[in-house]
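A look at the structure
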Amino acid sequence: MDRLGRMNEALLEKIHGKIPGAQTRALVPNLARTESRNVTYLSADFPVFWRSAKGANVTDVDGNRYIDLTAAFGVANVGHSNPEVAAAIAAQAELLMHAMGDVHPTEIKNRLLEKLLSIVPSGLGKVFLASTGAEAVEAALKTAMLATGKSAFAAFHGAYHGLSLGTLEVSGIPKFREPFKHVLSDRTLLLDFGMDPDVLRAALSGRPDLAAVIVEPVQGRAGCIVPPPGWLRALRSICDEMRLLLILDEIYTGFGRTGTMFACEYELVLPDIICIGKAMANGFPISAMLAKPFVMDAWPLSGGEALHTSTSLGNPMGCAAALATIAQIERSDLPARATQLGLHLQTRLAAAAAHPCVRAIRGRGLMWGIQFRDAAIAERIVKLALTKGVIVLQAGLTGNVISITPPLIIAQPQLDRAIDILDGLIGSESCTA
Ligand code: PLP
């Protein structure tokens, strides 16, 4: 077991009895009665109520222990309930829990802004803090509009940038747009992710109303799709040629997930605007949008009332949590660990690729997708994996992908054990080619 594995206890799964257990089943009716019925999918075999989590282990209310291959939506990069992050939040909570983001600033916000600017590619010189990923993207879209005087965007099929009304404008997942399409502008140019750069250039050239192109360097929700080598770089050049801003949504890929601190470093691409969130504070909701100074300075100087802000902007506990998270990512060189473990994972998954149910295996760092023949197989494996102590998520436009995005501190024996379990489940699927 390596040092990080030891620090995080790094336990294997321990399941006793039927999943979901009796305590979970007892809690379901209350949730079904009280929560909007749209939020949590409830069935006889899914989900389980979580009670606690540590490192890459999650424990449910029945005391079953799981190996988490999701990092809870790619958030817990330094491990669930990370002690240093928890201590930073607790200390800050005692000192100052909430301040006045855009009126009376805090010293810890200054420190976080400096830190963020030191870890993103140089050239991104100004920061705007927010709480969720969608808010960071909203801020990016508004910024691009102000900086260019234009209001339309190019985005990609399969893109997920959040579910607020503004971010739905650039969503590439039809089911999220559909119920609200009557209020969406219809101005977004949706293109194929990873498409031939010449075709992409031609499509963009017919749209003089475009302010920017927004893209995930690796599509997450669409099923961990990595574009062809050099594609992001080509996109950068095309944006330069056409005087379009390039917005990179690194909310999923950021903070070491794909093997570099930010995925754009892989191809040495400098965006005009970058959106980050999720793993930024390892679970405390804080996000940010960073831009080149001349782009950010399209916003007018505050005359006492910000044109775009929110109650929790720069929340001091979020700043403390982010500083503690980033310090650990750097100290333990978690991007390098993601690369190293990712190569191991790739080798392990290669065996699964041979199974007739599996259509593709793709990913980078610790962001991988197993694409199955159909969504029913993926759903069955997600549910069966839970009964065997492994938490994975369904992804992909039709739900036919299982994504693997564990905490970056996961110990190799934990990862191996979880993959053994998935392998066994895939192997027992009776598919013909
Ligand atoms: N952008 C990307 C690439 C995401 O993966 C997500 C969430 O999964 C978002 C934006 C939205 O973030 P949030 O759910 O925090 O609003």
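Quick note: structure is the one above.
Below you will find a few notes about this structure.

Analysis parameters
Residues numbered from 1 in each chain as written. Predicted model: local features only at pLDDT ≥ 70, side-chain atom pairs only at ≥ 80, totals over all residues. Heavy atoms only, no water. Helix = DSSP H or I, 4+ residues; strand = E, 2+ residues; numbered from the N terminus. Buried < 20%, exposed > 50% of the residue type's maximum accessible area, 1.4 Å probe, protein only. Phe/Tyr/Trp six-rings, centres within 6.5 Å; stacked < 30°, edge-to-face > 60°. Lys NZ or Arg CZ within 6 Å of the ring centre and 35° of its normal. Salt bridge = Lys/Arg side-chain N within 4 Å of Asp/Glu carboxyl O. Near = heavy atom within 4 Å. Polar contact = N/O pair within 3.5 Å; in protein donor to acceptor, adjacent residues only side chain to side chain. Areas by Shrake-Rupley, 256 points an atom, 1.4 Å probe, with all protein chains shown as cover.

Focus: unusual backbone geometry
The amide bond that connects I19 to the next residue, P20, takes the cis arrangement and shows omega of -5°. On the secondary structure map, P20 appears in the loop between α1 (3-7) and α2 (22-34). Put simply, F46 and P47 share a cis peptide bond, and its omega is -5°. Notably, F73 is not glycine yet its phi reads approximately 70°, a positive angle. Locating F73 in the fold gives a position in helix α3 (residues 71-74). Among the residues examined, F73 registers a relative accessible area of 54% and is labelled exposed. The phi torsion at D333 lies on the positive side, around 45°, for a residue other than glycine.

Some points on the packing of aromatic side chains
Within this structure, the stated rule accounts for six aromatic pairs. Here Y41 and F46 contribute two aromatic rings whose centre-to-centre distance is 6.1 Å and whose plane-to-plane angle is 40°, an arrangement assigned as tilted. Between F193 and W231, the aromatic rings sit 5.2 Å apart at their centres with planes inclined by 65°, giving edge-to-face as the arrangement. Residue F193 is found in the loop between β6 (189-191) and α9 (197-205), and its partner W231 is found in helix α10 (residues 231-242); the two are separated by 38 residues along the sequence. Exposure class is identical for F193 and W231. Each is buried. The structure contains a cluster of three or more aromatic residues connected by ring pairs, namely F156, F193 and W231. We note R221 situated over the ring of Y160; from NZ or CZ to the ring centre the distance is 4.5 Å. Stacked on the ring of Y252, the Lys or Arg K278 has its end atom at 5.0 Å from the ring centre.

Details of the pattern of salt bridges
Tallying each qualifying case throughout the model produces 18 salt bridges. Of the charged contacts, one joins R111 and E107 as a salt bridge, the two residues approaching to 3.3 Å between their closest N and O atoms. Of this pair, R111 and E107 are both found in helix α5 (residues 107-119), four residues apart, which corresponds to roughly one turn of the helix. For R348, the salt bridge goes to D420, with nearest N and O atoms at 2.7 Å. Here R348, found in helix α13 (residues 334-353), pairs with D420, found in helix α15 (residues 412-427); they are 72 residues apart in sequence, far enough to count as distant. The class for D420 is partly exposed, based on a relative accessible area of 40%. Overlapping salt bridges, with partners in common, bring together R236, D240, D272 and K292 in one network.

Overview of the site of the ligand
Lining the immediate surroundings of the ligand are T132, G133, A134, Y160, H161, G162, E216, D249, I251, Y252 and K278. G133 is positioned such that a nitrogen or oxygen atom in its backbone is 2.8 Å from an oxygen atom of the ligand. K278 is positioned such that a nitrogen or oxygen atom in its side chain is 2.9 Å from an oxygen atom of the ligand. Alone, the ligand offers 390 Å² of accessible surface; in the complex the protein occludes 81% of this.

Shape is all these values report; function is a separate question.
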